[in-house]
Amino acid sequence: MLRGSLIQVLKIATLRNTSRRSMTTLPKVIVQNREDDEDIHLSFKFGSSELPERQFNFKRSKTEDVGRVFSRIITNISSAIAKKQKKKKKTSSESDTSVINDFNVQLTYKGACVSEEVKNCDAWKNGAVLSVAGVEYEVSVNAPYVKSINLPSSIMAGFPLYPKLELEFANQEDCKIMWYKTAEKLVNDGIKNKASNQKWVNAGEGYFYFPEADDVGRFVKVICTPCQESWSGLEREAISSDVVEAGPGLCPFDERHLYTSSLTEKGSFRCISYNILADLYADSEYSRTILFPYCPPYVLAFDYRKQLLLKEILGYNGDVICLQEVDSKLFHSDLCPLLKISGLEGVFSEKGGQVVEGVACFFRTSKFKLKDSKRVVLSEILNSDPAFNDIHTKIYENQTLAEKIIARTTTLQVVLLESQENLGKFLLIANTHLYFHPDADNIRLLQTITCVRYIEYLLKQTKEKDPNCEIAVVFCGDFNSCPEFGVYEFLTTGSISQDSPDWKSVQEEAVEGVKISHSLKLDSSCGSPPYTNYTSGFYGCLDYIFYDTSLLNVSSIVPLPDHADVTQHVALPSVTFPSDHLALICTLQWLQG
């Protein structure tokens, strides 16, 4: 019932007007003529009694005579026919004496033939007609175009399937997407040609397709017709490399979805914080043999984990979603298009240095409007901003400590959102992932102090611009620190004493005489559970959603999975858990007044 509800929401969100039609019934030749490209690109489909229909693509210089393009078209089509006939001779006992007939290629514009001496940059115009062996094509210059379309290597029943699209002159939301499946179930031998020769039956339309149990053993095909407003381009298809496989069955997050089956009411918002385990940390030899040796390699593969992650995140119906360890490619290619259709927009902040993962914040556009976003590398602002001089001075009293902190690329993301439901109310969302090393409590505490001071600075700055606004702080992340350590104490009590053992967690990096307080009123919305991270080598509570107790109230919390579920396959990640962390989910309300 719950899965059906999710499918219905996504189908409604992705259905588009299917009645778009070109002004003409002629097939199209798509011409890409970009200002930043020295070449033009032509694409059209051609077939005859001697050659099954296929797509022909050409890349030619803009300054070349169009007659040279005509010659190339003739050569390429003739060559394709010759190869087809040669193959036919090898498989036939009869002698094949058929001859490739000569044919003409001609371009006309407004009823007049275009001279073969005209340059490509001037010859190809909207409304022109290209004739190839008697077949006429309407010329569409810079029409919507699908550069590439792909399906994932792993497809499971019950999990959202969607195409990876690279488009030009087109919007994903406007494209018409149709789904098909093979009429018969096939043995998964990885032979895509076997699927190509099968009968296809319609399976649905829209950006998403949810394979059903009966689809197990079938190949899937997707066809995308690129569109922009009322203008459409050439359709392009992709066929799955493998058949649909059975999913892992009921996952623990499916049970958590029972608490989040509907969107939140006015005046409240559901907040999620989740370290989703970046691919570069999961699918490596070190991870497979040292970190997660109990986890089958196929489960660590990103195409598998991604399906679980996306279904899990979608089902929480979050209004503010803070993610850590987000691969840059995943953010842009998967999370953004997926969550946009579900009504959310996102901001990504990559870590400093060469790391291609970072933190991301998504927000529901019906509830919030983006006012500003900041990305700061903590080590950089410690070195450059005068507001951190006191911390900077203390750090540099110990050169060993200073070198370690400056080497860290830990990033803080801050997103300022204005409530669409409660005018004059703002959310300042902070999102971070602190240094992971076990013996680095002093560094994490200094990083937390730096984060809080920067948040206080942004609050003051925003208040100066609009003295009447209310700004509530929500600070999410993987803090890599358990509740008994200084990070939690500092954030929830408002201060940390110079006697805190965290300052001397590593003797040679000890910090002396530091007592710091802050003005924020924060508490952990989900409390301090026994663990949010569970592996074979460690478990503990590392993840938190700290909220502003002066302006917000916790109205509900989604329970964490049962311990028996977490340990069913030894530890996390597993066949039913896509990350080594658990998602925290709570619903926050604005306090009245």
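In what follows, the structure referred to is the one given above.
Computed from a predicted model, the values in this text were never measured in an experiment.

Assigned secondary structure in the protein chain consists of 16 helices and 31 strands. Looking at the protein chain as a whole, 53% of its 593 residues are labelled buried. Long-range contacts, defined as pairs at least 24 residues apart, comprise 71% of the intrachain contacts of the protein chain with a sequence gap of at least 6. Summed over its atoms, the accessible surface of the protein chain is roughly 26,800 Å², and 48% of this surface lies on carbon and sulfur atoms. Across the protein chain, 63 positive and 75 negative side-chain charges occur, with their mean positions spaced 7 Å apart.

It is worth spelling out a nonpolar patch on the surface at this point. Together, Tyr 286, Ile 290 and Leu 291 give the surface a local cluster of nonpolar side chains, amounting to about 300 Å² of exposed area. One can find Leu 291 in helix 7 (residues 285-291). Note on Leu 291: relative accessible area 34%, which makes it partly exposed.

Turning to the pattern of salt bridges, a few remarks are in order. Scanning the entire structure with this criterion turns up 30 salt bridges. The salt bridge partner of Glu 421 is Lys 367, with a shortest N-O separation of 2.9 Å. Pair noted here: Glu 421 is in the loop between strand 21 (411-419) and strand 22 (425-433) and Lys 367 is in the loop between strand 19 (357-364) and strand 20 (368-377), with a separation of 54 residues, a long-range link. By relative accessible area, which is 4% here, Lys 367 ends up buried.

Moving on, we come to the layout of surface pockets. Computed from the structure, the largest pocket encloses a volume of approximately 1,000 Å³. Lining the largest pocket are 36 residues, with Glu 325, His 433, Phe 436, His 437 and Asn 480 positioned closest to its centre. Going through the elements one at a time, helix 7 and helix 14 (441-465) are the ones with two or more residues in the lining of the largest pocket. Partitioned by chemical class, the residues of the lining of the largest pocket number 15 nonpolar, 13 polar and 8 charged. Taken together, 21 residues form the lining of the second largest pocket, with Glu 53, Ser 196, Lys 221, Glu 237 and Ile 239 sitting closest to its centre. Every element with two or more residues in the lining of the second largest pocket is listed here: strand 3 (51-61), strand 8 (145-150), helix 4 (192-196) and strand 15 (236-239).

Bringing helix 13 (residues 399-407) into the picture now. Those residues of helix 13 that fall on the buried side of the exposure criterion are Leu 401, Ala 402 and Ile 405. Across the axial projection of helix 13, the buried residues extend over an arc of 100 degrees, all falling on one side. On the buried face of helix 13, the contacting elements are helix 11 (378-384), helix 12 (389-395) and helix 14. By the N-cap criterion, in which a side-chain oxygen at the helix start approaches the backbone nitrogen of a residue two or three places on, helix 13 is capped by Asn 398, the distance to Thr 400 being 3.1 Å.

The subject of this paragraph is the packing of helix 14 against helix 15 (residues 486-493). Running from N to C, helix 14 and helix 15 point in directions that differ by 25 degrees, and their axes come no closer than 9 Å. Here helix 15 runs roughly parallel to helix 14, going by the angle between their axes. Crossing handedness for the pair helix 14 and helix 15: right-handed. The residues of helix 15 that touch helix 14, namely those facing Arg 444, Leu 445, Thr 448, Ile 449 and Val 452, are Gly 486, Val 487, Phe 490 and Leu 491. Grouping the amino acids of the contact of helix 14 with helix 15 by side-chain chemistry returns 6 nonpolar, 2 polar and 1 charged.

Moving on to the side chain of Ser 419. Counting through the fold element by element, Ser 419 comes out in strand 21. A polar contact of 2.8 Å, which involves the side chain of Ser 419, links it to the backbone nitrogen of Asn 422. When sequence neighbours within four positions are dropped, the list of residues in contact with Ser 419 reads Lys 367, Phe 368, Lys 425 and Trp 590.

Cut-offs used in this document
Residues numbered from 1 in each chain as written. Predicted model: local features only at pLDDT ≥ 70, side-chain atom pairs only at ≥ 80, totals over all residues. Heavy atoms only, no water. Helix = DSSP H or I, 4+ residues; strand = E, 2+ residues; numbered from the N terminus. Buried < 20%, exposed > 50% of the residue type's maximum accessible area, 1.4 Å probe, protein only. Contact = heavy atoms within 4.5 Å. Areas by Shrake-Rupley, 256 points an atom, 1.4 Å probe, with all protein chains shown as cover. Lys, Arg positive; Asp, Glu negative; His and termini not counted. Charge placed at Lys NZ, Arg CZ, Asp CG, Glu CD. Patch = residues over 30% accessible without salt bridge, like charges linked within 9 Å, V, L, I, M, F, W, Y side chains within 5 Å. Salt bridge = Lys/Arg side-chain N within 4 Å of Asp/Glu carboxyl O. 1 Å grid on protein atoms, 1.4 Å probe; cavity = no way out; pocket = protein on both sides within 12 Å on 5 of 7 lines; lining within 4 Å. Points joined across faces, edges and corners; volume = space filled by probe spheres on them. Nonpolar A, V, L, I, M, F, W, Y, C, P; charged D, E, K, R; others polar. Arc of directions from axis to C-beta. Polar contact = N/O pair within 3.5 Å; in protein donor to acceptor, adjacent residues only side chain to side chain. Axes fitted to C-alpha atoms, helices over the stretch in contact; angles between N-to-C directions. Parallel < 35°, antiparallel > 145°, perpendicular 65-115°, else oblique. Left-handed = near helix turned anticlockwise from the far one by under 90°.

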